[in-house]
Amino acid sequence: MERAWILLGMMGSGKSAVGRGLAELSGRPFVDTDILLQNRFGRPVSQIFQVYGEQTFRDHESSILRTLEPGEYVLATGGGIVMRESNWDELHRLGTTIFLKAASETIIERLEQSKKRRPLLETENWQERARAILESRLHLYEQADIVVSVDGLELDTAPTKVLNAIRSVTP
Ligand code: S3P
């Protein structure tokens, strides 16, 4: 059966960058739920939050998942997708879930370099907030089929590590 490879993890863990690399390595197309949401709204994620609020964003995030079919593609997801129990049913329907596990220090470092705006971190002490979010979600991310530690990995080596991890557990 054709299974998507679905990347889960915190903001800044490298889902989009690793996902693109993985897509290139494997020849699979790359799909990103945040990009699908942006296309649906015609606005960046930060504006969807600002104009419609988080609840609406989450409702559409779930609905985007429901529109997808299983297949041979790489799917990067928004960091909060793991919070809704019903999203997990969709994720399991679509494919194999892979948690890109990164320590809070790694995440903070990457977020400092990232150009993407993160509405949940638009606060003065965003580092503390990022740590708290990671702590509250870790047990959810850990439910993924595969866990790959990406600490200390460059973005050009991470996709190979993820691909090897996938190949070692899937036929
Ligand atoms: C979110 C993560 C973001 C985006 C939104 C909410 C979260 O995606 O979906 O800002 O709740 O962790 P990234 O994980 O790609 O930053």
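The structure this text deals with has already been given above.
The rules behind each value
Residues numbered from 1 in each chain as written. Predicted model: local features only at pLDDT ≥ 70, side-chain atom pairs only at ≥ 80, totals over all residues. Heavy atoms only, no water. Helix = DSSP H or I, 4+ residues; strand = E, 2+ residues; numbered from the N terminus. Contact = heavy atoms within 4.5 Å. Salt bridge = Lys/Arg side-chain N within 4 Å of Asp/Glu carboxyl O. Axes fitted to C-alpha atoms, helices over the stretch in contact; angles between N-to-C directions. Parallel < 35°, antiparallel > 145°, perpendicular 65-115°, else oblique. Left-handed = near helix turned anticlockwise from the far one by under 90°. Nonpolar A, V, L, I, M, F, W, Y, C, P; charged D, E, K, R; others polar. Patch = residues over 30% accessible without salt bridge, like charges linked within 9 Å, V, L, I, M, F, W, Y side chains within 5 Å. Areas by Shrake-Rupley, 256 points an atom, 1.4 Å probe, with all protein chains shown as cover. Lys, Arg positive; Asp, Glu negative; His and termini not counted. Charge placed at Lys NZ, Arg CZ, Asp CG, Glu CD. Buried < 20%, exposed > 50% of the residue type's maximum accessible area, 1.4 Å probe, protein only.

Caption draft 1: Summary view of the environment of Val 82. Within the secondary structure, Val 82 is located in the loop between strand 3 (74-76) and helix 5 (85-94). Distance from Val 82 to Glu 142, taken between C-alpha atoms, is 10.0 Å for residues 60 residues apart in sequence. Beyond its immediate stretch of four places on either side in the chain, Val 82 contacts Leu 8, Trp 88, Arg 137, Leu 140 and Tyr 141.

Caption draft 2: Spatial organisation of the pattern of salt bridges. Enumeration according to the criterion identifies 8 salt bridges in this entry. A salt bridge links Arg 93 to Glu 90; its shortest N-O distance comes to 2.8 Å. Of this pair, Arg 93 and Glu 90 both sit in helix 5, separated by 3 residues, roughly a single helical turn. When salt bridges that share partners are traced, they join Glu 54, Arg 58 and Glu 61 into one network.

Caption draft 3: How the structure looks around the packing of helix 2 (residues 33-41) against helix 3 (residues 45-52). Close contact between helix 2 and helix 3 brings their axes to 9 Å; oriented N to C, the two are set at 55 degrees. Classed by the angle they form, the pair helix 2 and helix 3 counts as oblique. Two packed elements cross with a definite hand, and for helix 2 against helix 3 that hand is left-handed. Contacts between helix 2 and helix 3 involve Asp 34, Leu 37, Gln 38 and Phe 41 from the first element and Val 45, Ile 48 and Tyr 52 from the second. Considered class by class, the residues forming the contact of helix 2 with helix 3 number 5 nonpolar, 1 polar and 1 charged.

Caption draft 4: Region of the structure containing a negative patch on the surface. Residues Glu 105, Glu 109, Glu 112 and Asp 151 make up a contiguous surface patch of negative charge. We classify Glu 105 as exposed; its relative accessible area is 52%.

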